[in-house]
Number of protein chains: 2
Amino acid sequence: MPSSSSRRLRAIQGTLLLLMMAIVSFAAHRAAAEGAGLKAQEPPFVSSDASAHLRALTLPYSNFASPEAKVAYAQLFATDHHAPPADADIATRRAYYDRFNSALARRAAEIYPVRVESKLFGGVKVEVITPKDGVAASERGRVLINLHGGAFLWGEGSGGEIESIPIASVGRITVITIAYRQGPEYKFPAASEDVATVYRALLKDHDPKKIGIYGCSAGGILTAEALAWLQKEHLPMPGAVGIFCASAGKFGGDSVLLAPELAGQAPLPGSTQGKLSFTPYFSDVSPADPLVLPMNSKQVMAHFPPTLLLAGSRDFAVSSVCQTDIELTKAGVKTELHIWDGLWHSFFNNPDLPESKEMYSIVVNFFDRNLD
Amino acid sequence: MPSSSSRRLRAIQGTLLLLMMAIVSFAAHRAAAEGAGLKAQEPPFVSSDASAHLRALTLPYSNFASPEAKVAYAQLFATDHHAPPADADIATRRAYYDRFNSALARRAAEIYPVRVESKLFGGVKVEVITPKDGVAASERGRVLINLHGGAFLWGEGSGGEIESIPIASVGRITVITIAYRQGPEYKFPAASEDVATVYRALLKDHDPKKIGIYGCSAGGILTAEALAWLQKEHLPMPGAVGIFCASAGKFGGDSVLLAPELAGQAPLPGSTQGKLSFTPYFSDVSPADPLVLPMNSKQVMAHFPPTLLLAGSRDFAVSSVCQTDIELTKAGVKTELHIWDGLWHSFFNNPDLPESKEMYSIVVNFFDRNLD
């Protein structure tokens, strides 16, 4: 057992230790508050690691967006649409999104009258969409390929129709929307192969400079991937492309975290880690492969034709859209970027929004200026 | 006095009224919760008026921005720079921003060696900035006018130098930065008049299609205003312009509210109400005047030359930058928009950021492509 004097010594040591800790702690606080000039930390504040510490707050809807967009935002994000969960079976998920998309496609066809024909191009299923009042004389040699969205899981048919009907009608041009192979039945590069097959078939009677390719969300990713794939196949580049609500690289930046907060939703699986785990289509790929993410190769990017990039500012993908624009610009590619304040992922699938009408006009004008 | 039976009747009526109110209230809640499909309200959520209800959260700095930008963001927003308050006297405010800007201008001149000469053009003070190794042969007939930022209050001299030195050096081109008249001593349209005076002087020996104008923040607003003013004066439009971190219309959209939260700052005075009250320079104007806010007139906007628009995604002005791009595009103007994820208002005044170097290159290439 310790003696009474050694107990007293330990007590003194303990007191000194506490005193020293208090001094060090006080000095550290003083340094933080004055010496290093750190700000007093009441939210909102930025900490020394550059993190933003936000307080709870209510953010009104953007006053730059249309009244119609405001109503649609509330309808989309304030009400429960009972979307099936990510682990529901694929037939259930496809049926849900097809109901959702079919209603939008029917509405689009009311405003924008078109003919829709199912065809095969080199064995790949497509729908050929042409304006009811005929293709304009100036657009006869031209064709646009649409690659629909839907996480490489759904969107075939009705999803492609929403994205194609307004463009075909406003542009008085032929749009071919491809029913490319998707997950979970198929994996990368099945979709890229299907795009190449249709493109080859079109090259038989089209100048490549008169062919445009565009897509939204998964279809935007596939547009970028298709350009890398066509390069690998030594096929000529198309005249112009559109990458909408999507990226030629990884998802990331501020928007993968902020956009879900603004919509009361969970982040897209994998997006905050820059992973492609939102879809089984990419389960076997290397994310370093430029055929998967063309931004891995400046050389591949440098061969992109003029590229239209667009999104809403509340799209989880908007940071990636902006990054793709900068990287393409650095690679010497002619780009055109437009962002609609307050609008969301794939907003232009709603054909009644004034912003959607602006988007259709911008897409049509872009291809008109950039295709031969 | 009422009889006992009439009192009893009123009591029964009162009870029935309360019961009916309870039933109506229950029905309304049920409709809200089930019929209309309103979501359960735990933050983050969107309410039926489209407002986003955010929880308190910590947002890491954008992983798309450079490490240098991350360090600079913390340096700018996590530490206290003891900026004088908005009601400090103008000499104190100018001295503070001049110290801040002079350090950046000195650093810019180390990386980008230039000559700086003070001159008068039609009686207006300017600095003429030329690359030390001479103007490139291809740039001899061309000139860029810079309109510095600084809330129409400060920025003369050092502020203009920061914005001009890298562009003059990278582009091997002459940049003339104008010491236009500002508040509180002067009011609108003093600055527009000064820009017109310098422009007229340059027109004596320059083709207007070989003149570019660009500016950041207040200088971006003034660039847009100058185009409206030159139209009023029946002067030819310049070949191309750049509106950076600024708008041809009112400030607004999501960014006037979100950007200050992300930087731990208060919003710019007036910006959340779309007012110009951040500066006394505009205290006497009508915000409906297209000479003040050219976006008031589609006709004025339609005469804009090709316009480069750019900002960081955390700039309070980024929503306005994007809106200006859309409105110019709708008016048929050729625009080019670039957004750097995670970057802040006037970020390119820091010449050491990789993003600033990208911006200098984009500005130089834009004017090279669009000037005669």
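About the criteria used
- Residues numbered from 1 in each chain as written.
- Chains lettered and ligands numbered in written order.
- Predicted model: local features only at pLDDT ≥ 70, side-chain atom pairs only at ≥ 80, totals over all residues.
- Heavy atoms only, no water.
- Helix = DSSP H or I, 4+ residues; strand = E, 2+ residues; numbered from the N terminus.
- Buried < 20%, exposed > 50% of the residue type's maximum accessible area, 1.4 Å probe, protein only.
- Contact = heavy atoms within 4.5 Å.
- Areas by Shrake-Rupley, 256 points an atom, 1.4 Å probe, with all protein chains shown as cover.
- Lys, Arg positive; Asp, Glu negative; His and termini not counted.
- Charge placed at Lys NZ, Arg CZ, Asp CG, Glu CD.
- Phe/Tyr/Trp six-rings, centres within 6.5 Å; stacked < 30°, edge-to-face > 60°.
- Lys NZ or Arg CZ within 6 Å of the ring centre and 35° of its normal.
- pLDDT = per-residue confidence, 0-100.
- Core = buried A, V, L, I, M, F, W, Y, C linked by side-chain atoms within 4.5 Å.
- Least-squares fit on C-alpha atoms with pLDDT ≥ 70 in both.
- Pairing = 2+ DSSP bridges.
- Axes fitted to C-alpha atoms, helices over the stretch in contact; angles between N-to-C directions.

Engineer: Hey, could you run me through the overall build of chain A in this one?
Structural biologist: Helix and strand counts for chain A come out as 10 helices and 11 strands. Over its C-alpha atoms, taken along the principal directions, chain A stretches across nearly 105 × 45 × 40 Å. With 372 residues in all, chain A has 56% of them scored as buried. Put simply, of all contacts in chain A between residues at least 6 apart along the chain, 74% involve residues at least 24 apart. As displayed, chain A offers around 15600 Å² of accessible surface, 57% of which is attributable to carbon and sulfur atoms. Each charge class in chain A can be summarised by its mean position, and for the 34 positive and 37 negative side chains these summaries are 5 Å apart.

Engineer: Whenever I open this one, the packing of aromatic side chains confuses me. Can you help?
Structural biologist: To describe a pair of aromatic rings, one takes the distance between the centres and the angle between the planes. Per the stated rule, a full pass over the model turns up 45 aromatic pairs over all chains. Every member of this aromatic cluster is reached through a ring pair, and the members are Y214, F244, W340, F347, F348, F366 and F367 of chain A. In this structure, R181 of chain B packs its charged tip against the face of Y186 of chain B, placed 5.4 Å from the ring centre. Above the plane of the ring of Y73 of chain B lies R314 of chain B, whose end atom (NZ or CZ) is 5.0 Å from the centre.

Engineer: Looking at this model, I keep getting lost on the confidence of the model for chain A. Mind explaining?
Structural biologist: Predicted coordinates in regions of low pLDDT should not be interpreted in detail. Residues and elements named next belong to chain A. In the predicted model, chain A carries a mean pLDDT of 92, and 90% of its residues have values of at least 70. Contacts from residues 23-35, a stretch scored under 50 in pLDDT, to residues over four places away or in other chains number six contacts. With pTM at 0.91, the complex prediction returns an ipTM value of 0.90.

Engineer: Would you mind going over the nonpolar core with me for this structure?
Structural biologist: Nonpolar side chains in soluble globular proteins generally cluster together in the buried interior. Ranked by size, the top nonpolar core spans 130 residues in total, and within it F152, I178 and F304 of chain A together with F152, I178 and F304 of chain B carry the most contacts. In terms of nonpolar packing, the next biggest core, distinct from the first, is built from 98 residues, L371 of chain A together with A72, A78 and L371 of chain B among them.

Engineer: I would appreciate a short explanation of the relation of the copies chain B and chain A in the present structure.
Structural biologist: One copy of the chain maps onto the other through a rotation about an axis plus a displacement along that axis. Its rotation angle being 180 degrees, the transformation that places chain B on chain A also includes 0.0 Å of axial translation and leaves an RMSD of 0.0 Å. Both copies of the chain, as the preceding transformation shows, are related through a two-fold rotation axis. Relative to the rotation axis, the closest C-alpha in chain B is found at A56 of chain B, a distance of 2.0 Å. Looking at the interface residues of chain B, 100% of them are also at the interface in chain A, so both copies use one shared face.

Engineer: Please explain the sheet that holds strand 3 (residues 57-59) of chain A as it appears in this structure.
Structural biologist: Two strands in a sheet stick together by hydrogen bonds in their backbones, pointing the same way (parallel) or opposite ways (antiparallel). Across the sheet, three strands lie side by side as 3(A)-2(B)-1(B); this open sheet has antiparallel pairing. The strands lining the two open edges of the sheet, one partner per strand, are strand 3 of chain A together with strand 1 (45-46) of chain B. Here strand 1 of chain B pairs with strand 2 (residues 52-54) of chain B via two bridges, running antiparallel. Considered in strand 2 of chain B, the bridge of F45 of chain B is made with H53 of chain B. Here helix 7 (residues 255-263) of chain A sits on the sheet in contact with strand 3 of chain A together with strand 1 and strand 2 of chain B, set at roughly 120 degrees to strand 2 of chain B.

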